[in-house]
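Structural overview for review
Here is what each chain is made of, one letter per residue.
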Amino acid sequence: MNVGSSSGGNADPEPMMEMNMTPLIDVMLVLIIMLIITIPKQMHSVNLNMPVGNPPPPTTPPEVVTIDVDFDGTILWNNTPVPDRATLEAKLGNVAAQAEQPEVHLRPNKLVEYKVVAGVMASAQRLGVTKIGMVGNEQFQ
């Protein structure tokens, strides 16, 4: 507060060049508190509409055909050696012809040449086998 002037006379007081920020800060704090109060409570759950009633009966487990490719290129169909490519393609054709195709698990040895594995996959694709997948093979590695 400026009580007197050092110049001593009847001089007009100088206008204040600073704006009083206290009321502005008070209003801003009140607005922030009101905003915080009105924010809805956070929920850490997801509400799902789950079906009611009896669950469907369990399905039968799928039939699995295992094709092993040994390190020397030998192909085994369910642990039975396949003598040649024509026999393998005949068996893959039988799998593809079924209405409910069995799952074909291809288990190559890590030492086998890629062209042998690629040949088996190409034959399966060409003949229409849709349920084929690569499976880790611990016994051959």
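Look above for the structure.
How each quantity is defined
- Residues numbered from 1 in each chain as written.
- Predicted model: local features only at pLDDT ≥ 70, side-chain atom pairs only at ≥ 80, totals over all residues.
- Heavy atoms only, no water.
- Pairing = 2+ DSSP bridges.
- Helix = DSSP H or I, 4+ residues; strand = E, 2+ residues; numbered from the N terminus.
- Right-handed = clockwise from strand over helix to strand, strands pointing away.
- Polar contact = N/O pair within 3.5 Å; in protein donor to acceptor, adjacent residues only side chain to side chain.
- Contact = heavy atoms within 4.5 Å.

With respect to the pairing of strand S4 (residues 103-108)
Here strand S1 (residues 64-69) runs beside S4; their pairing, made up of 6 bridges, is parallel. Paired with Ile67 across the bridge in S4 is Leu106. By the bridge criterion, 3 bridges tie S4 to strand S5 (residues 132-134) in an arrangement that is parallel. Bridged to His105 within S5 is Gly133. In this region the chain leaves S4, passes through helix H3 (residues 114-127) and returns to the parallel neighbour S5; the handedness of that crossover is right-handed.

Focus on the side chain of Gln101
The topology assignment puts Gln101 in the loop between helix H2 (85-97) and S4. Within the local environment of Gln101, its side chain forms a polar contact with the backbone oxygen of Ala96, the two atoms lying 3.3 Å apart. A polar side-chain atom of Gln101 sits 3.1 Å from the main-chain carbonyl oxygen of Gly128. Those residues in contact with Gln101 that lie beyond four places of it in its chain are Val95, Ala96, Gly128, Val129, Thr130 and Lys131.

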